[in-house]
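Topology and contacts: notes
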Amino acid sequence: MSLGWMNGSLMDDREMLLSVRDLGILRGLGVFDFIRTYNKKPFHLEDHIKRLQFSADRIGMKIPYSVDEIEQAMFQVLKHWEGEEAGLRIVCTVGSSLEKMTRRDGVNLFILADPLRTFPPEWYERGVKVITCSQVRNHPEAKSVNYIAAMEASARAREQGAEEALYTDKDGRVLEGTTSNLFLFRDGRWFTPCRDILKGVTRQVVMSLIGEERLSCRDITLQDISGAQEMFITSSSREILPVRFVNDHEFPDTPGPETEKLMQAFRAYVNTPEKWVLKE
């Protein structure tokens, strides 16, 4: 049994039910966020909840709970968590509708807890392969429950022996992964896309560790990738994951020295919860 939280109540997650008329089911209209724990503490919880609220605002949904109320719900779930580190998913759907388009019955909010996914150590020691695919998301700045594009791209990645797929647009920009952000290192500076992406919390932490003087936020192209010396992707579950291949292009020195420095700095950061504050 795993305990979750739904619409104000702590309950067995098998008892957490949505109406079949919920527009999250009928239309894919909803948002979510994912939080991991370190030493049983939720990482940057407030920042994740604020991003959830921002995502909801982008699709015209108002969440009927404050940041504090959602935080308390999260801590209730964690109090009953009996595993090691947890991956916590907060999901909001817009509620039911008889007309299947208009919203009627109010927002549903629920929290699920699962064992945190872990990745093979050799991925961090030697890097992974990623591919690119010509695909973009609607409302990329919102973390939507509509994951059709991501699932299609992830399937292509698996077919090619890759861990992740990176979206590219009609202008040739490389934007983000299906569940990750990307960073490149070249000539003493780090580069990361800043437009038309979901701004990950882990990405924001890494940006603060790099520092403004060594970081440029700008559009990234495949040519930029081929000219870079190092590359990695970031996400809550992967943390900083070095990239060895992008399609057929190889970064032979993976992880590179600059990536290794950031991996060490990130490890020190997550082990000091008192530092878990992002600058506005």
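Above this note sits the structure.
Figured I'd write up the structure that's included with this text. Because the structure is predicted, anything quoted here is derived from the model rather than measured.

**A look at the environment of L116**
You can see L116 is positioned in the loop between β6 (108–115) and α4 (121–126). L116 sits 30 residues away from A86 along the chain, and the two C-alpha atoms are 4.8 Å apart. Discounting residues that sit within four places of it in the chain, L116 has contacts with F34, R36, E85, A86 and G87.

**With respect to unusual backbone geometry**
Here the bond from T254 into P255 is cis, since omega is -5°, no more than 30 degrees from zero. Mapped onto the fold, P255 is located in the loop between β15 (249–250) and α8 (257–270). Its identity is not glycine, yet H139 carries a phi of approximately 50°, on the positive side. Checked against the element boundaries, H139 lands in the loop between β7 (128–134) and α5 (148–159). Overall, H139 belongs to the partly exposed group, its relative accessible area being 40%. Even without being a glycine, N247 presents a positive backbone phi close to 55°. Secondary-structure assignment places N247 in the loop between β14 (239–246) and β15.

**Observations concerning the sheet that holds strand β5 (residues 86–93)**
In spatial order, the strands read β2-β1-β6-β5-β3-β4; together these six strands make up an open sheet with antiparallel pairing. This sheet does not close on itself; its edge strands, each paired only once, are β2 (9–12) and β4 (41–42). Of the strand pairs in this sheet, strand β1 (residues 3–6) and β6 are connected by two bridges, and their pairing is antiparallel. In the sheet register, W5 faces β6, and the bridge partner there is I111.

**Remarks on the packing of helix α2 (residues 45–58) against helix α3 (residues 67–79)**
Orientation of α2 relative to α3, taken along the N-to-C sense of each, is 125°, at an axis distance of 10 Å. Classified by the angle their axes make, α2 and α3 are oblique. Considering how the two elements wind past one another, α2 and α3 form a crossing that is right-handed. Here L45, E46, I49, K50, L52 and Q53 of α2 come into contact with α3, specifically with V67, I70, E71, M74 and F75. Of the residues in the contact of α2 with α3, the class split is seven nonpolar, one polar and three charged.

Cut-offs applied
Residues numbered from 1 in each chain as written. Predicted model: local features only at pLDDT ≥ 70, side-chain atom pairs only at ≥ 80, totals over all residues. Heavy atoms only, no water. Helix = DSSP H or I, 4+ residues; strand = E, 2+ residues; numbered from the N terminus. Contact = heavy atoms within 4.5 Å. Buried < 20%, exposed > 50% of the residue type's maximum accessible area, 1.4 Å probe, protein only. Pairing = 2+ DSSP bridges. Axes fitted to C-alpha atoms, helices over the stretch in contact; angles between N-to-C directions. Parallel < 35°, antiparallel > 145°, perpendicular 65-115°, else oblique. Left-handed = near helix turned anticlockwise from the far one by under 90°. Nonpolar A, V, L, I, M, F, W, Y, C, P; charged D, E, K, R; others polar.

Nothing here speaks to function; it is all geometry.
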